[in-house]
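# Structural overview for review
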Amino acid sequence: MITPRRLFLAAPGLLLLPRAAHATAEAMAEAVRGFTGGAPVTRGRVTLDISPLVENGNTVPLSVVVDSPMTAADHVRAIAVFNERNPQPHVITAQLGPRAGRAMLATHMRLATSQRLLAVASLSDGSFWSDEAQVVVTLAACIEG
Amino acid sequence: MIHRALMLALLALPALAQERRSGFEDMAPQTQAMQRDDTSNPGMLWALEGEDLFRQPAGPAGQSCASCHAEGSMQGVAARYPAWDTARQAPIDLAGRIAQCRTDRQGAPPLARESQGLLALSAHVGQQSRGLPIAPPADPRLDAARVQGAALYAERRGQLDLSCAQCHDDHPGRRLAGSIIPQAHPTGYPLYRLEWQALGSLQRRLRGCMTGVRAEPFAYGAPEYIAIELFLMSRAAGLAVETPAVRP
Amino acid sequence: MARVLINVPRTAARGEVITIRTLIQHLMETGYRPDANGVVAPRDIIRRFTCRYDGEVVFQAELSPAIAANPFLSFTTVATRSGVVEMSWEGDNGFAQTETRDLTVT
């Protein structure tokens, strides 16, 4: 019988830890400024949906929905997603407009490690809104050496 | 001989004391959703490519797979492999059969194990058994290999001195460095593993489990893998085929 | 040509918000990943995705290496009138691919 202790001891042998230089909170803030032009960002109206616990950082489903009527007078112009600890802070920027009907974006992203993510929406009235999420990435076992 | 009879009797029993469950059940809901929805399952890109390859003429006679195999004729095939190969007098897995048809019947250049083309064709053929129960053939010529597979599964190996059974039968559902240990049912192959960021075969998955315990893996196509697959398929009999599945 | 999987409804009612989903086969090599010999593979990613509907850009996205291999994108658009939905991907090393789907609006 294999004891839990045995398994625990075995575990590090099964891991390969990819470690690379990563972005920082400052780099992320800088990237956000690049998107907003330094305008203030208010928490709200944006919903960033991503699993809080991710079993493999290579392909992580995420979606962003912004509460907006998406009319010619009042719509979301762009949605951007940023991260704190991948090699680069930028994930994706989408340009949309009233023809989208809904302010929605879904994709699969990579997460180098556990970290904070931020989604920012740029609205037609010049305001910026955001939501953030904290994600824990567990590591896959039995990775090919 | 008594030993062998006993092994076969054990094989005939419901493989595990606990409820059998596909690795699908152990996945996070987000990963399950990715598999369930064909437009977000990247494995479908390979299955689509396989569908094209199936219709593409190759070899001197300009025949395609479809010239000999009618639409729909591949339904249920993946659910009953590995099977007995009369020509070679040995068990053969589905990828091996496809590769054989390609060289011997189509006369086209061989497709290597784990090549994009062979994975794509295997995914396309496998997809046509989706949802069907795994139904290992009762062919007694396969018994010896199945018994060998059971023995390989129970054998300790590698620097960590662990058998497949110690993880997959004794500790399924437990976490191993973040991953949940599944019951090791080969229901979804070839499948898209997030770790690989690509489609891969059962043999690639088994290699991962072998290098994981620091054992030297068998070479691709080795009879040992086919023996293990025969055993795993009999252990998974009745579970639904999921090809092309998604796994972490 | 990269393999693509596109889901656009064939028909929609005028004014209906339709969801478009796309998957394209691409490694999305980050430019940070060392190979078996420790040599970092150069970046090779899809940088931009554009969706035009009836000739007008309705959605565009700039992608970074943080987008997963075999990029998946899903977004919406309002069915205005029957026409062609054109999707194109552009990236490093001259990567360019365009796919179209017909949408009938009733």
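Just so it is clear, the structure is predicted and the values come from calculations on it, not from any experiment.

### Side note on the overall build of chain A
Along its length, chain A carries two helices and nine strands. The helix and strand sequence of chain A, counted from the amino end, reads α-α-β-β-β-β-β-β-β-β-β. Of the contacts formed within chain A by residues at least 6 apart in sequence, a portion of 65% connects residues at least 24 apart. Accessible area of chain A: about 6300 Å², with a carbon and sulfur share of 58%.

### Here's the deal with the interface of chain C and chain A
Counting from both sides, the interface comprises 28 residues of chain C and, opposite them, 24 residues of chain A. Across the chain C to chain A interface the summed buried area is about 2300 Å²; carbon plus sulfur atoms make up 52%. Taken together, chain C and chain A are joined by one salt bridge. The salt bridge involving Glu-56 of chain C is made with Arg-99 of chain A; its shortest N-O contact spans 2.8 Å. Elements represented by at least two residues in the side of chain C that touches chain A include exactly β3 (17-24), β5 (56-63) and β6 (72-78) of chain C. Pairing of strand β6 (residues 90-95) of chain A with β5 of chain C, which is carried by four bridges, proceeds in the antiparallel orientation. In the sheet register, Thr-93 of chain A faces β5 of chain C, and the bridge partner there is Glu-62 of chain C.

### A short note on helix α7 (residues 143-154) of chain B
Its twelve residues give α7 of chain B an end-to-end C-alpha distance of 17 Å, which sits within 8% of 16 Å, the value for a rise of 1.5 Å per residue. Taken residue by residue, α7 of chain B has Asp-143, Ala-145, Arg-146, Val-147, Gly-149, Ala-150, Leu-152 and Tyr-153 of chain B as its buried positions.

### Thoughts on unusual backbone geometry
Trans peptide bonds make up most of the peptide bonds, and negative phi angles are found at most residues other than glycine. Residue and element names in this part refer to chain B. Here the residue pair Tyr-81 and Pro-82 is connected by a cis peptide bond, since its omega of -5 degrees sits within 30 degrees of zero. Along the polypeptide, Pro-82 turns up in the loop between α4 (65-68) and β1 (83-85). The amide bond that connects Thr-243 to the next residue, Pro-244, takes the cis arrangement and shows omega of -10 degrees. Tracing the backbone shows Pro-244 in the loop between α10 (223-235) and β7 (246-247). The backbone of Gln-197 sits at a positive phi, close to 55 degrees, despite the residue not being glycine.

### Some points on the UniProt feature "domain: Sulphur oxidation protein SoxZ" (unreviewed entry) in chain C
Per the UniProt entry, the sites bearing "domain: Sulphur oxidation protein SoxZ" (unreviewed entry) are residues 9-100 of chain C in this numbering. As a span, residues 9-100 of chain C carries 0% helix and 51% strand, and end to end its C-alpha atoms are 12 Å apart.

### Examining the packing of helix α3 (residues 43-55) of chain B against helix α6 (residues 116-127) of chain B
Residues and elements named next belong to chain B. Their axes nearest at 7 Å, the elements α3 and α6 cross at an angle of 95 degrees. One way to sum up the angle between α3 and α6 is to call them roughly perpendicular. Residue-level contacts link Met-44, Trp-46, Ala-47, Glu-49, Gly-50, Glu-51, Leu-53 and Phe-54 of α3 to Gln-116, Gly-117, Leu-119, Ala-120, Leu-121, Ala-123, His-124, Val-125 and Gln-127 of α6. In the contact of α3 with α6, the residues fall into ten nonpolar, five polar and two charged.

### Considerations on the packing of aromatic side chains
With the rule as written, the count across this model stands at nine aromatic pairs over all chains. Seen in terms of ring centroids, Phe-218 of chain B and Tyr-225 of chain B are 5.5 Å apart; in terms of plane orientation they differ by 80 degrees. Their pairing is edge-to-face. Accessibility classification places Phe-218 of chain B together with Tyr-225 of chain B in one group, the buried group. What links up through ring pairs into an aromatic cluster is the set Phe-49, Phe-59, Phe-75 and Trp-89 of chain C. Just above the ring of Trp-129 of chain A sits the side chain of Arg-45 of chain A; from NZ or CZ to the centre is 5.4 Å. For the cation-ring pair, Arg-207 of chain B lies above Tyr-220 of chain B, with the distance from its terminal atom to the ring centre recorded as 4.5 Å.

### Side note on the sheet that holds strand β1 (residues 4-7) of chain C
The strand order across the open sheet formed by six strands is β2(A)-β4(A)-β7(A)-β6(C)-β3(C)-β1(C), and the pairing between neighbours is antiparallel. Because the sheet does not close on itself, it has two edges, and the strands there are β2 (46-50) of chain A together with β1 of chain C. In this sheet, neighbouring strand axes are inclined to one another by 15 degrees on average, regardless of whether the strands run parallel or antiparallel. The pairing of β3 of chain C with β6 of chain C spans seven bridges and is antiparallel. Bridge pairing in β6 of chain C places Arg-21 of chain C opposite Ser-74 of chain C. The strands touched by α3 of chain B within the sheet are β1 and β3 of chain C, with β1 of chain C carrying the most contacts at an inclination of about 110 degrees.

### Describing the nonpolar core
Grouped together as the largest cluster of nonpolar side chains are 58 residues, with contacts concentrated most on Ile-92 and Leu-111 of chain A together with Cys-51, Phe-59, Met-87 and Trp-89 of chain C. Core analysis: the next-biggest nonpolar cluster, separate from the first, contains 36 residues, Met-104 of chain A together with Leu-119, Trp-196 and Ala-198 of chain B among them.

### Thoughts on the state of the cysteines
Residues and elements named next belong to chain B. Counting across every chain of the model gives zero disulfides over all chains. No disulfide involves Cys-65; its nearest neighbouring cysteine sulfur is the one of Cys-101, lying 7.6 Å away. Here Cys-68 stays unpaired: no disulfide links it, and the sulfur of Cys-101, its closest cysteine neighbor, is 7.5 Å away.

### A short note on the confidence of the model for chain C
Model confidence for chain C is summarised by a mean pLDDT of 95, while 100% of its residues fall at 70 or above. Reported confidences for the modelled complex are a pTM of 0.89 and an ipTM of 0.94.

What counts and what doesn't
- Residues numbered from 1 in each chain as written.
- Chains lettered and ligands numbered in written order.
- Predicted model: local features only at pLDDT ≥ 70, side-chain atom pairs only at ≥ 80, totals over all residues.
- Heavy atoms only, no water.
- Helix = DSSP H or I, 4+ residues; strand = E, 2+ residues; numbered from the N terminus.
- Contact = heavy atoms within 4.5 Å.
- Areas by Shrake-Rupley, 256 points an atom, 1.4 Å probe, with all protein chains shown as cover.
- Buried area = accessible area lost by both parts, 1.4 Å probe.
- Salt bridge = Lys/Arg side-chain N within 4 Å of Asp/Glu carboxyl O.
- Pairing = 2+ DSSP bridges.
- Expected span 1.5 Å × (residues − 1).
- Buried < 20%, exposed > 50% of the residue type's maximum accessible area, 1.4 Å probe, protein only.
- UniProt positions renumbered as here; feature names shortened; annotations may be inferred.
- Axes fitted to C-alpha atoms, helices over the stretch in contact; angles between N-to-C directions.
- Parallel < 35°, antiparallel > 145°, perpendicular 65-115°, else oblique.
- Nonpolar A, V, L, I, M, F, W, Y, C, P; charged D, E, K, R; others polar.
- Phe/Tyr/Trp six-rings, centres within 6.5 Å; stacked < 30°, edge-to-face > 60°.
- Lys NZ or Arg CZ within 6 Å of the ring centre and 35° of its normal.
- Core = buried A, V, L, I, M, F, W, Y, C linked by side-chain atoms within 4.5 Å.
- Disulfide = S-S within 2.5 Å.
- pLDDT = per-residue confidence, 0-100.

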